[in-house]
Every structure is written in C-alpha cells, then in structure tokens.
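If you want the building blocks of each chain, they are given just below.
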Amino acid sequence: TTLIILAEWKPTQGATTYDNAKGISLITSSTRRNSPSTCDSKIHHNNMINNILPKIQANNAGAADAIMLDLDGFVSETNATNIF
C-alpha cells in the first residue's frame, strides 16, 4: 500500500484564525469524538474523517472550530486542539 501526501498552499488572508485578543467562535459539532474502545488513539492511522467533519461544520457556520462531545455528551476536544 502506498500513501501519497501532497502539500497544498492556501492563502491565509481572510481565513478564520484564532485571535487571542477577541477569543474564538466555536460551535458544538454533531459528530461525536471516537471512543477509545472503538479506535485506539495511540494507533496512528489515515482515517481522519472524525476530525474533518466537525471542521467542515464549523466552516459552514462561520466559526473557527467545533467542540466535539464524547459518546456520553461530555466535552472532549475540538477537531484540532484540546480543551482545558
């Protein structure tokens, strides 16, 4: 099996980015975070759809990121960052 990854340049002008002065806009994603019992997080794999779908929802809503809940409805993380 061969995996090919192509780097893509994207302009950052006007892109939604984090602003530490104003904070960030977030939505709660309808996609739940994978349970550790379904996919071991220590195994690095190519299936990132669980992180891509919440980001698409955030982009469509005009938000910077999407908070993902676990299967029990507790806050888990965003598609790209941890929440403390």
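Above this note sits the structure.
Residues numbered from 1 in each chain as written. Predicted model: local features only at pLDDT ≥ 70, side-chain atom pairs only at ≥ 80, totals over all residues. Heavy atoms only, no water.

1. Observations regarding the overall build of the protein chain
When you go through the protein chain residue by residue, the secondary structure sums to 1 helix and 3 strands. In the protein chain, which comprises 84 residues, the share counted as buried stands at 20%. Long-range contacts, defined as pairs at least 24 residues apart, comprise 55% of the intrachain contacts of the protein chain with a sequence gap of at least 6. When the accessible surface of the protein chain is split by element, carbon and sulfur atoms take 55% of a total near 6,800 Å². (Helix = DSSP H or I, 4+ residues; strand = E, 2+ residues; numbered from the N terminus. Buried < 20%, exposed > 50% of the residue type's maximum accessible area, 1.4 Å probe, protein only. Contact = heavy atoms within 4.5 Å. Areas by Shrake-Rupley, 256 points an atom, 1.4 Å probe, with all protein chains shown as cover.)

2. A short note on the side chain of D65
With respect to the helices and strands, D65 occurs in strand β2 (residues 65-69). Despite being buried, D65 has no salt bridge partner; K55 is the closest side chain of opposite charge, sitting 5.2 Å away. In this structure the side chain of D65 is engaged in a polar contact, spanning 3.1 Å, whose partner is the side chain of T78. (Lys, Arg positive; Asp, Glu negative; His and termini not counted. Salt bridge = Lys/Arg side-chain N within 4 Å of Asp/Glu carboxyl O. Polar contact = N/O pair within 3.5 Å; in protein donor to acceptor, adjacent residues only side chain to side chain.)

3. Some points on the environment of D70
Assignment of secondary structure puts D70 in the loop between β2 and β3 (75-78). A relative accessible area of 24% places D70 in the partly exposed class. D70 sits 37 residues away from R33 along the chain, and the two C-alpha atoms are 5.0 Å apart. Each residue touching D70, except ones within four places of it in the same chain, is listed here: R32, R33 and S76.

4. Description of the environment of R33
With respect to the secondary-structure elements, R33 resides in the loop between β1 (26-28) and α1 (49-61). One polar contact links R33 to N50, side chain to side chain, over a distance of 2.9 Å.

5. With respect to the pattern of salt bridges
Per the counting criterion, the structure on display carries 1 salt bridge. In this structure, the salt-bridge partner of R33 is E77, at a minimum N-O distance of 2.3 Å. With R33 in the loop between β1 and α1 and E77 in strand β3, this pair connects stretches of sequence that are 44 residues apart. Of the residues examined, R33 reaches a relative accessible area of 21% and is grouped as partly exposed. Residue classification places E77 among the buried residues on the basis of a relative accessible area of 16%.

6. Concerning the side chain of S29
For S29, the position within the fold is in the loop between β1 and α1. Reaching out from S29, the side chain makes a polar contact with the backbone nitrogen of T31 at a distance of 2.9 Å. In contact with S29, other than residues within four places in its own chain, are P54, Q57, A66, I67 and M68.

7. Remarks on the pairing of β2
The element β2 is extensively covered by neighbouring structure, given that 5 of its 5 residues are classed as buried. Going residue by residue along β2, you find D65, I67 and L69 tucked away on one face and A66 and M68 tucked away on the opposite face as well. Both β1 and β2 contribute to a ladder of 3 bridges, which runs parallel. Counted as the bridge partner of L26 is D65 from β2. Bridge count between β2 and β3: 3 bridges; the pairing is antiparallel. (Pairing = 2+ DSSP bridges.)

Note that all results are geometric; they support no functional claim without further evidence.
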